[in-house]
Amino acid sequence: MNTREEMKQFVQFYYDLYRDCDCAVPFLFFDEMDTLDKKKNPSFEYCEADCFMAIDKGKVVGRVAAIINNRANERWKTKQVRFGWFDFVDDPEVSEALLHTVEEWGRERGMTEMIGPMGFIDTDREGMLVDGFDKLASMYIIYNYAYYPQHIERLNSFEKANDWVEVRVRVPEVVPEKFAKVTEMVRRRYNLRVHKFTRHELMKEGRAHEIFHLLNATYKDLYGFCQLSDRQIDKLVSDYIKIADLNLVTGIVDTNDHDKLVGFGITFPSFSKALQKTNDGRLFPFGWWHLLKILKWHKTDTVDLLLIGVLPEYRAKGANGLIFDDLIRQFQRYGFKWAETGPMMETNEGVLSQWQYLDSTVYRRRRCYKKIL
């Protein structure tokens, strides 16, 4: 991919492919362009990547990004090339050619394994949808047609590397009694308390950066994760914290340790239906208005549980419960009926078990595939 016009073609292909799909959600066009721009995405400090398109008779029929995250490879002692931004028409020759291109690109750079779909870092969209094709997606996850995993699985050289599940939770009208008792016990026994941030604290006093340093500590053992750099944290603060409704952001502090931040929850009202009303994820001329109605006036019945993290030593103390107790009350105030989680590893029993006190169901499943080169 040598020119900006070619990159626009690469990004535009997704919108064209999913234009008539009721469940797909268009991503913000400028955000996709910035993520793939070596001058704007701080991940290129330690990642290398190239983008490729499959073209038939002058028309784009598929796309893929080949990515090497050198920091993750060093952390996990692997030599992996990732494939991401993997979209294609229902033609096995196209999907196979795209994967072969990534394979050869990785081999040329000494890689011995190919995995994907994955992005540059863990906060990028990752995992191919394998169940839940009839469910409305969100702006934070990959949506793909049901034929995608069929194309992968017909190639016997690929196997499952990891599965993530997403949970849909009915927001209760009243906080469950058992849930409330547990959270009250946690407050009294461990002197943990909920902290609601001010904008000044987050943006001027550095507490937003403290949240993402905490994320580094809590996510460090998750599949494929690598530590966020200072520039990446700056970007996440700008992209999310700067515009967040702070009633929907919760911190947990330890009063025995000078109000040390030990956990956090960041949630956003769902932008899915608003994004579907934009012109291919573009904010102008009127796309911004649909998003503003969600951000400012919460014109949706669903809230996305974007990021939740608790230091390992505080998970057993029930800090997660304090986060949910506070957020549920905020959701009730805003009239949200449903909450949807981001992808959670299917093997993470501790995280998955926290939904047992609520009316919840596994809503979607996505998969990362791998191939030995």
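This text follows the structure it describes.
Residues numbered from 1 in each chain as written. Predicted model: local features only at pLDDT ≥ 70, side-chain atom pairs only at ≥ 80, totals over all residues. Heavy atoms only, no water.

Student: Please provide a residue-by-residue account of the overall build of the protein chain, values included.
Tutor: When its secondary structure is counted, the protein chain shows 14 helices and 13 strands. Dimensions of the protein chain, computed from C-alpha atoms along their principal axes, come out at roughly 65 × 45 × 40 Å. Counting every position in the protein chain, which comprises 373 residues, the buried fraction comes to 56%. Residue pairs in contact within the protein chain that sit at least 24 positions apart in sequence constitute 76% of those at least 6 positions apart. (Helix = DSSP H or I, 4+ residues; strand = E, 2+ residues; numbered from the N terminus. Buried < 20%, exposed > 50% of the residue type's maximum accessible area, 1.4 Å probe, protein only. Contact = heavy atoms within 4.5 Å.)

Student: Outline a nonpolar patch on the surface, listing residues and values.
Tutor: Together, F284, W288, W289 and W297 make up an exposed nonpolar region whose accessible area comes to about 490 Å². Structurally, the position occupied by W288 is in helix α11 (residues 287-297). (Patch = residues over 30% accessible without salt bridge, like charges linked within 9 Å, V, L, I, M, F, W, Y side chains within 5 Å. Areas by Shrake-Rupley, 256 points an atom, 1.4 Å probe, with all protein chains shown as cover. Salt bridge = Lys/Arg side-chain N within 4 Å of Asp/Glu carboxyl O.)

Student: Talk me through α11; I want residue IDs and the actual numbers.
Tutor: Along α11, the positions that sit buried rather than exposed are G287, H290, L291 and I294. Down the axis of α11, the sector holding all buried residues measures 95 degrees, keeping them to one side. Among the residues trailing α11, H298 stands out with phi positive, at a value near 55 degrees. (Arc of directions from axis to C-beta.)

Student: Now, about the side chain of N320: what can you tell me, with residues and values included?
Tutor: Mapped onto the elements of the fold, N320 is located in helix α13 (residues 319-334). Not counting the four nearest positions on each side in its chain, N320 is found in contact with V310, R315 and Q354.

Student: An account of the environment of L292 is requested, with residue identities and associated values reported.
Tutor: Looking at where L292 falls in the secondary structure, it is placed in helix α11. Owing to a relative accessible area of 29%, L292 belongs among the partly exposed residues under this scheme. With 18 residues separating them in the primary sequence, L292 and A274 have C-alpha atoms 9.0 Å apart.

Student: Tell me about the side chain of T341, and name the residues and values.
Tutor: Looking at where T341 falls in the secondary structure, it is placed in strand β11 (residues 338-341). Using a relative accessible area of 6% as the deciding quantity, one classes T341 as buried. Within the structure, T341 has its side chain in polar contact with the backbone nitrogen of V167 (distance 2.9 Å). (Polar contact = N/O pair within 3.5 Å; in protein donor to acceptor, adjacent residues only side chain to side chain.)

Student: Mind laying out the nonpolar core, listing which residues take part and the relevant values?
Tutor: The biggest cluster of nonpolar side chains holds 118 residues, and the ones touching the most others in it are F212 and I266. Among the nonpolar cores identified, the runner-up in size contains five residues, and I115, M118, W164 and M345 belong to it. (Core = buried A, V, L, I, M, F, W, Y, C linked by side-chain atoms within 4.5 Å.)

Student: Which residues make up the pattern of salt bridges, and what values do they have?
Tutor: Tallying each qualifying case throughout the model produces 38 salt bridges. The salt bridge involving R19 is made with D16; its shortest N-O contact spans 2.4 Å. For D34, the salt bridge goes to K40, with nearest N and O atoms at 3.4 Å. Residue classification places K40 among the partly exposed positions, given a relative accessible area of 44%. By sharing partners, the salt bridges in this structure join E153, K160, D163, E346, R365 and R367 into a single network.

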